[in-house]
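Residue-level structural notes
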Amino acid sequence: MEKLIFLSMLCLVLVACSNSDDEEVDVPVSVEETAEYKAAEAYYNSTLKSVITASCTSCHAGYHRNSNTSNYGTFTNAMNRATGMYSQVNSGGMPKGGDKLPQDDIDKFEDFKDLVGLIPSE
Ligand code: HEC
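Description of the structure in this document.

Thresholds applied
- Residues numbered from 1 in each chain as written.
- Predicted model: local features only at pLDDT ≥ 70, side-chain atom pairs only at ≥ 80, totals over all residues.
- Heavy atoms only, no water.
- Donors = N, O, S within 2.8 Å, 3.2 Å for Na, K, Ca; no water.
- Tetrahedral: all angles 85-135°; square planar, octahedral: opposite > 155°, others 65-115°.
- Helix = DSSP H or I, 4+ residues; strand = E, 2+ residues; numbered from the N terminus.
- Near = heavy atom within 4 Å.
- Polar contact = N/O pair within 3.5 Å; in protein donor to acceptor, adjacent residues only side chain to side chain.
- Nonpolar A, V, L, I, M, F, W, Y, C, P; charged D, E, K, R; others polar.
- Phe/Tyr/Trp six-rings, centres within 6.5 Å; stacked < 30°, edge-to-face > 60°.
- Buried < 20%, exposed > 50% of the residue type's maximum accessible area, 1.4 Å probe, protein only.
- Core = buried A, V, L, I, M, F, W, Y, C linked by side-chain atoms within 4.5 Å.
- Axes fitted to C-alpha atoms, helices over the stretch in contact; angles between N-to-C directions.
- Parallel < 35°, antiparallel > 145°, perpendicular 65-115°, else oblique.
- Left-handed = near helix turned anticlockwise from the far one by under 90°.
- Contact = heavy atoms within 4.5 Å.

**Some words on the coordination of the iron atom of the ligand**
Taken together, His60 (NE2) and Met94 (SD) make up the protein donors of the iron atom of the ligand, found 1.9 to 2.3 Å from the metal. If you look at the iron atom of the ligand, its 6 donor atoms make angles of 86 to 179° with each other, and the shape they trace is octahedral. Linking His60 in the loop between α2 (35-55) and α3 (75-80) with Met94 in the loop between α4 (82-91) and α5 (103-117), this pair joins segments that are 34 residues apart in sequence.

**Considering the site of the ligand**
Looking at the ligand, there are 18 residues lining it, with Cys56, Cys59, His60, Arg81 and Met94 nearest. The separation between an oxygen atom of the ligand and a polar side-chain atom of Tyr72 is 3.2 Å. The separation between an oxygen atom of the ligand and a polar side-chain atom of Arg81 is 2.9 Å. Counted by class, the shell around the ligand contains 9 nonpolar, 6 polar and 3 charged residues.

**As for the packing of aromatic side chains**
All chains considered together, the criterion is met by 4 aromatic pairs. A centroid spacing of 5.3 Å and a plane angle of 85° characterise the contact between Tyr37 and Phe75, whose relative ring orientation is edge-to-face. One end of the pair, Tyr37, is in helix α2; the other, Phe75, is in helix α3, and 38 residues separate them in sequence. With respect to burial, Tyr37 and Phe75 carry one shared label: buried. Taking the centre distance of 5.7 Å and the plane angle of 45° together, the rings of Tyr44 and Phe112 count as tilted. On the criterion of sequence distance, the pair formed by Tyr44 in helix α2 and Phe112 in helix α5 is long-range, its members being 68 residues apart. Overall, the relative accessible area of 1% leaves Tyr44 in the buried class. Members of the aromatic cluster, each reached through a chain of ring pairs, are Tyr37, Tyr44, Phe75 and Phe112.

**Digging into the nonpolar core**
Grouped together as the largest cluster of nonpolar side chains are 23 residues, with contacts concentrated most on Tyr44, Leu48, Ile52, Phe75, Met85, Phe109 and Phe112. Of all the secondary structure elements, the ones that give two or more residues to this core are α2, α3, α4 and α5.

**Regarding the packing of α4 against α5**
Direction vectors running N to C along α4 and α5 enclose 155°, while the axes themselves pass 9 Å from each other. Compared by their axis directions, α4 and α5 come out roughly antiparallel. The chirality of how α4 crosses α5 is left-handed. In this structure, α4 uses Ala82, Thr83, Met85, Tyr86, Val89 and Asn90 to contact α5, whose residues at the interface are Ile106, Phe109, Glu110, Phe112, Lys113 and Val116. By residue class, the composition of the contact of α4 with α5 is 8 nonpolar, 2 polar and 2 charged.

**As for the side chain of His60**
On the basis of relative accessibility, which here comes to 12%, the residue His60 falls in the buried class. Discounting residues that sit within four places of it in the chain, His60 has contacts with Ser70, Asn71, Tyr72, Gly73 and Met94.

Take a look at the structure:
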């Protein structure tokens, strides 16, 4: 009888252990490794960057406001300003002093902002 109790305890312990193994599948990955980050980066490189190079980096190339944060020619800076960039081009505020961008290009800023919005924060 004692052996039986011991065996059932052992089974319980094993079940408990295998459950906690399952939880470890949820290992935190860095943001850069997520599919959402990679999708936003791929979209930036394939679609948005050429628009930014043509219309924005003449001013936003790193020297603007003595900081590099507005160098929209790099993905991480563009990612950090995705919402601001979209509202500026959508309102026609940017490119500064120039014509409002064609709707096609404004849509690219919107798509990019939406993709960036899907990236998990940590
Ligand atoms: C002719 C120079 C020039 C061009 C071209 C230009 N900008 Fe700007 N931008 C500025 C200046 C100067 C400011 C600072 C605010 C102001 O003076 O209106 C600014 C501010 C901004 C801001 C708000 C501040 C910030 O850093 O978040 C955003 C967003 C922005 N620009 C996005 C863009 C985007 C996107 C484009 C391309 C479609 C663009 N700009 C093209 C000169 C320019």
